[in-house]
Amino acid sequence: MAVTANTNVTYDVSTIKENIQDALVSISPTETPFMSAIGTKSVSNTYFEWATIDLAAASSTNRVAEGENTPGNDAPTNATRLANYVQISDKVVEVSDTAEAVNGVGDAQRIAKQLAYKLKEMKRDMETMIVGDNNAAVAGSSGTAFETASLSAFLRTNVDRGVGGANGTLSGTTSGYPNAAATDGTLRGLTEAMLQSVIASCWDEGAEPTMVLCGSGVKQKISSTFTGSATKFKNVEDKKVVAAVDIYVSDFGELQIVPSRFVRSRDVFVLDPSQARMAYLSSTKQKPLARTGHSERRLISATYGLQVDTEKAHGVIADIDPAL
């Protein structure tokens, strides 16, 4: 078929956008299972405290004679003051006026999209520092950042550590903030007996854990080696093979096995999410910074710390090599 001379057809145009999905697709993980499971609170200082109560051990000899006229005083039940420091996390976005004006693929270069991406990145950073790090609290100083203690640094009671591993310490004998992180021990293989022991220890302390938080290797280890985890057909007609353990039914209740991309591969946490929370001195916000010529800048920031209401509500199986 003939085409009139000088007709501008698509074959001659080199500036047409390729068929690229405008709604950009990202495979970067944004799930933050620990922060999503626990609560939140507001605090009013960079150093924040909370009180935890331990009842006296149950007595099998609490008997008195009828009419006793000189009952003695029992030891008072006082609270223990625990604490942590907050820390500041931020992201800065700078976009030129030209980048804001042009029509880009998915408009990823525009400031609104950049802010959305950086908010997700900061959320991942926060989760990583809370459960994917082994960090003591740091008071900070002029020119030195505050640091909030991570979950690992708090756990001292319901623990199972490898050879050479040691609990973190508090700034006081039984109170204060974690001033030293836990010491990593020798890596070893995970067994079901280890998990059962830590769950039982939590229960003995009065806790009711409902979540096991672990990395991908440990999740697969639990699915492949724990009792009752043999590969099963869900329904023959569905042609589906079930080879995962997502709920662990212990002697003390059901626990959800939750994989996390941000937990250290060597740590397996047994958690009661109702007994921890994120404490915000300043919630996540964004504000404009001074313009620099033909560019616009925005600051995203949050000031926050981890509060572990009572560390006896949680446990850890540390120093695990999922490959063993």
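Each chain has its residues counted from 1, running along the sequence as written. The model is predicted, so local features are restricted to residues of pLDDT at least 70 and side-chain atom pairs to those at 80 or more, both for listing and for counting; the totals for chains, interfaces and linings are taken over all residues. The side-chain values count all of the structure's non-hydrogen atoms but skip hydrogen atoms and water molecules.

Another point: the sheet that holds strand S5 (residues 158-160). On the basis of which strands lie adjacent, the open sheet formed by six strands has the order S5-S16-S13-S8-S12-S11 and mixed pairing. Single-partner strands in this sheet number two, and they are S5 and strand S11 (247-250). For this sheet the average axis-to-axis angle between neighbouring strands, irrespective of direction, equals 20°. Pairs of strands are assigned from DSSP output, requiring at least two bridges between the strands. We count a stretch as a helix when DSSP gives it H or I for four or more residues in a row; a strand needs E for two or more, and each element gets its number in order from the N terminus. Direction of pairing for strand S8 (residues 211-214) relative to strand S13 (residues 268-271): antiparallel, over a ladder of three bridges. A fitted line through C-alpha atoms serves as each axis, taken over the contacting stretch for helices, and the angle formed by two N-to-C directions is quoted from 0 to 180°.

So, about the pattern of salt bridges. The term salt bridge refers to a side-chain nitrogen of Lys or Arg lying within 4 Å of a carboxyl oxygen of Asp or Glu. Scanning the model with the defined rule gives 16 salt bridges in all. Here Arg 261 ties to Glu 31 by a salt bridge, and the two come within 2.8 Å at their closest N and O atoms. Residue Arg 261 is located in the loop between strand S12 (253-259) and S13, and its partner Glu 31 is located in the segment before helix H1 (33-37); the two are separated by 230 residues in the primary sequence. Across the pair Glu 94 and Arg 297 runs a salt bridge, and its minimum N-O distance is 3.5 Å. Residue Glu 94 is located in strand S4 (residues 87-96), and its partner Arg 297 is located in strand S15 (residues 295-308); the two are separated by 203 residues in the primary sequence.

What follows is about the packing of aromatic side chains. Two rings from Phe, Tyr or Trp (for Trp, the six-membered ring) form a pair when their centres sit within 6.5 Å of each other. Planes less than 30 degrees apart are called stacked, planes more than 60 degrees apart edge-to-face, and all others tilted. For the structure shown, the criterion picks out eight aromatic pairs. Taken together, a centroid distance of 6.1 Å and an interplanar angle of 45° make the contact between Trp 50 and Phe 154 tilted. Of the two residues, Trp 50 sits in strand S2 (residues 47-52) while Phe 154 sits in helix H4 (residues 151-154), which places them 104 residues apart along the sequence. Ring geometry for Tyr 85 against Tyr 177: centres 5.3 Å apart, planes inclined by 75°, an arrangement best described as edge-to-face.

Helix span, as expected, comes to 1.5 Å for every residue beyond the first. With 21 residues, helix H3 (residues 111-131) should reach 30 Å at 1.5 Å per residue; the first-to-last C-alpha distance of 30 Å fits that figure. Ile 111, Leu 115, Met 122, Met 126, Glu 127, Ile 130 and Val 131 are the residues of H3 that are buried. Along the axis of H3, the buried residues cluster in a sector spanning 160°; they form a single face. Buried means the residue's accessible area, taken with a 1.4 Å probe over protein chains only, is under 20% of the maximum for its type, while exposed means over 50%, and partly exposed covers the values in between. This arc describes the spread of directions from the helix axis toward the C-beta atoms.

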